[in-house]
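Per-entry structural report
This is what each chain is made of:
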Amino acid sequence: MTSLPAPEERSGKKLGLVIDLDTCVGCHACAVSCKEWNTQGYSAPLTDVDAYGSDPVGAWLNRIHSYEVETADGQPNRTVHFPRSCLHCEEPACVTVCPTGASYKRAEDGIVLVNPDTCIGCKLCSWACPYGAREYDPSHGVMKKCTLCVDRIYNEHLEPEDRQPACVRACPAGARHYGDLGDPESAVSKLVAEREGYDLLPQSGYKPVNKYLPPRPRRTGAESDGPKAPKALEPLGPADGSLTEQFFMWADKVLSR
Amino acid sequence: MHPAYSVIFFTTASGAGYGLLALLGLGAVFGVAFPQGPLFCIVAFGLSLGLITLGLLSSTFHLGHPERAWRAFSQWRSSWLSREGVAAFATYVPAGLFGVLWLAGFEGGVAWKILGFLSAALAVITVWCTGMIYGCLTTIRQWNHALVAPIYVVLSGATGLVLFALLMQGFGSGRAWHVGFAMAGLVAAALIKSVYWRSIDQAPRDLTIGDATGLGRLGKVRQLEAPHTQTNFVQREMGYKVARKHARKLRLMCLLLGFGACFVACGLTFLLPAWTATAWLIVAACAAAFAVVVERWLFFAEAEHVVNLFYGTPQA
């Protein structure tokens, strides 16, 4: 049913992601990990057409943009890496426009999914999404989108630490956080409150569940914030006591005066 | 937005078909003197239901799984596309019975008139639903406009009126008011489209890449690096720019070579010998088809999806 679950049917749970634009390094590991997991899980097949040719095309559920921000404070421009995937909106028009009922929003946790067995591939849902979160799979003839790794997060065959979306597990910078944004006491909700996380295009009225944490203000160098770096380098590791080592330790001490 | 050729063919062909069907139905209600004999009925219904059916079939060509198209009848509570499917299918019932009664010689009866009215009403509802599929999308400024659904209905009516005048003339029952109504329909079509174009041109393009990313709070945003080296589905589907470059010329072509030429061809039936009228109305029908195809192409090509902001478009 593509009518959204009524407020009284919803559990209050809003599973989603919090993406820290301050720490994201733009390595694309989340996108690659997502593709790898989803080409064998719920979204399988997620193949690329002409993958090694001159014009490869295929559905990916996560895309990482890089933007340059010209700040007014005279500082050098900032680079902000910006992962973009389904925001599992509370009022998703991609679901209500679906003519077949293949797109739906789960009442129990708010995850927005596509049933690949009933999707007719009309692509109207992708037109309704302002975030470009849905990508048509040319090899499968149906629409694909982020499932919030619904086949991982409840999967009891996995170790507890693996029961989170593949992108979150893969992020080497800790820039992706997963949790219940409907619970104000959850770690992700507290993080959003502390860092003033924001919605993408709030004027769309779709009420995205995923939140973005803005880049922190940059240190200007004029203010003293935190311990100063040591004036000279300390010797790294224990000395082996050789004559050369002793010479360099003496030289370091002399030059540090 | 990328113009899907099957959808352009569908909306223009079935639009004309529904327009003609609605006029046959309204003609029955208001007691228009239709040509005698079954041949007119066969040709008129063949043309209108043929255009409708061809259009509906072609609309399934752009689906990834056409064999599942029947599922689209289920979500009429929330989806305009589903409503369109239901209305399109429902129209066949009174339209089929309307045609059968006509062929069986019940022409002029109350049942025949009621079925004519129902056919006309459902035809208009179907075309309205088609317009609302686009009109309800808040992601596309040029589509989420109050005139979009009315334009679909007016253009369907205008093309239907031209076909109606052609059929009546072809069967020797042509009257001046048939062509006059067609000309009025063409003026209405050109007028509503011009008002729409003016309106979308004047609307502020107030969403920026900074608004979309939320990074506008830090300063001026531009795309440094795209997420992928090749264009993806989102860019191919939503980022189409080919016809937008020529939008001005194509709009003029639609108005002058399309609706304008059609209007002139209709007008010539009054000035030139009566035996040439059918030929001029065939020219008019071709010009009307050209106009709506160009209009529909532009409707897609001029539509700018908000997602393009993420891909570096400064404003939408």
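Everything quoted here is computed from the prediction, not taken from an experiment.

Moving on, we get to the overall build of chain B. Assigned secondary structure in chain B consists of 10 helices and 1 strand. Along its sequence from the N terminus, chain B presents helices and strands in the succession α-α-α-α-α-α-α-β-α-α-α. Dimensions of chain B, computed from C-alpha atoms along their principal axes, come out at roughly 75 × 45 × 30 Å. Long-range pairs, those at least 24 residues apart, make up 77% of the contacts in chain B between residues at least 6 apart in sequence.

Strand order across the open sheet formed by 3 strands is 5(A)-4(A)-1(B), with antiparallel pairing between neighbours. Each edge of the open sheet carries a strand with a single partner, namely strand 5 (78-85) of chain A together with strand 1 (219-225) of chain B. The average angle at which neighbouring strand axes cross in this sheet is 35 degrees, direction not considered. Note that strand 4 (residues 62-71) of chain A and strand 5 of chain A share 8 bridges and pair antiparallel. Residue pairing in the sheet places A:Ile64 in a bridge with A:Pro83 of strand 5 of chain A. The sheet strands contacting helix 1 (residues 29-38) of chain A are strand 4 and strand 5 of chain A, and the helix crosses strand 4 of chain A at an angle near 165 degrees.

Residues A:Ala128, B:Val162, B:Ala165, B:Leu186, B:Cys262, B:Ala284 and B:Ala288 are the most contacted members of the largest nonpolar core, which totals 166 residues. Once you skip the residues sitting within four places of it in the chain, B:Leu186 turns out to touch B:Ala158, B:Phe259, B:Cys262 and B:Phe263.

Among all residues except glycine, the phi angle is most often negative; among peptide bonds, the trans geometry is most common. Residue and element names in this part refer to chain A. Cis geometry marks the peptide bond from alanine 44 to proline 45; its omega dihedral reads -5 degrees. Positive phi outside glycine occurs at aspartate 50, with the angle close to 60 degrees. The residue aspartate 50 is located in the loop between strand 2 (48-49) and strand 3 (57-58) in this model. Assessed through the 12 C-beta atoms surrounding it within 10 Å, aspartate 50 is described here as exposed. One non-glycine residue with positive phi stands out, namely cysteine 149, at about 50 degrees. If you trace the backbone, cysteine 149 turns up in the loop between strand 9 (142-144) and helix 4 (150-153). Residue class for cysteine 149 comes out buried when judged on the 27 C-beta atoms lying within 10 Å of it.

Turning to its location among the elements, A:Ser126 is positioned in helix 3 (residues 124-128). When the C-alpha atoms of A:Ser126 and A:Val95 are compared, they prove to be 10.0 Å apart, with 31 residues separating the residues in sequence. For A:Ser126, the residues in contact, after removing those within four places along its chain, are A:Arg134, A:Tyr136, A:Met143 and B:Glu237.

Our focus in this paragraph is the interface of chain A and chain B. Taken together, the contact pairs 52 residues of chain A with 42 residues of chain B. Elements represented by at least two residues in the side of chain A that touches chain B include exactly strand 4, strand 5, helix 2 (93-96), helix 3 and strand 8 (135-137) of chain A. Sort the elements by how many residues they give to the side of chain A that touches chain B and strand 4 of chain A lands first, with 9 residues. Residue composition of the side of chain A that touches chain B, by class: 29 nonpolar, 15 polar and 8 charged.

This brings us to the sheet that holds strand 10 (residues 176-180) of chain A. All names here are of chain A. Taken together, the 3 strands give an open sheet; going across it, the order is 10-1-11, and neighbouring strands pair in mixed fashion. Where the open sheet ends on each side, the last strands, each with one partner, are strand 10 and strand 11 (211-213). Between one strand axis and the next, the sheet turns by 25 degrees as a mean value, whatever way the strands run. Relative to the sheet, helix 6 (residues 187-195) contacts strand 1 (15-20), strand 10 and strand 11, its axis offset from that of strand 10 by approximately 120 degrees.

Cut-offs used in this document
Residues numbered from 1 in each chain as written. Chains lettered and ligands numbered in written order. Predicted model: local features only at pLDDT ≥ 70, side-chain atom pairs only at ≥ 80, totals over all residues. Helix = DSSP H or I, 4+ residues; strand = E, 2+ residues; numbered from the N terminus. Contact = placed C-beta atoms within 7 Å. Pairing = 2+ DSSP bridges. Axes fitted to C-alpha atoms, helices over the stretch in contact; angles between N-to-C directions. Core = buried A, V, L, I, M, F, W, Y, C linked by C-beta atoms within 7 Å. Buried ≥ 20, exposed ≤ 12 C-beta atoms within 10 Å, placed from the backbone. Nonpolar A, V, L, I, M, F, W, Y, C, P; charged D, E, K, R; others polar.

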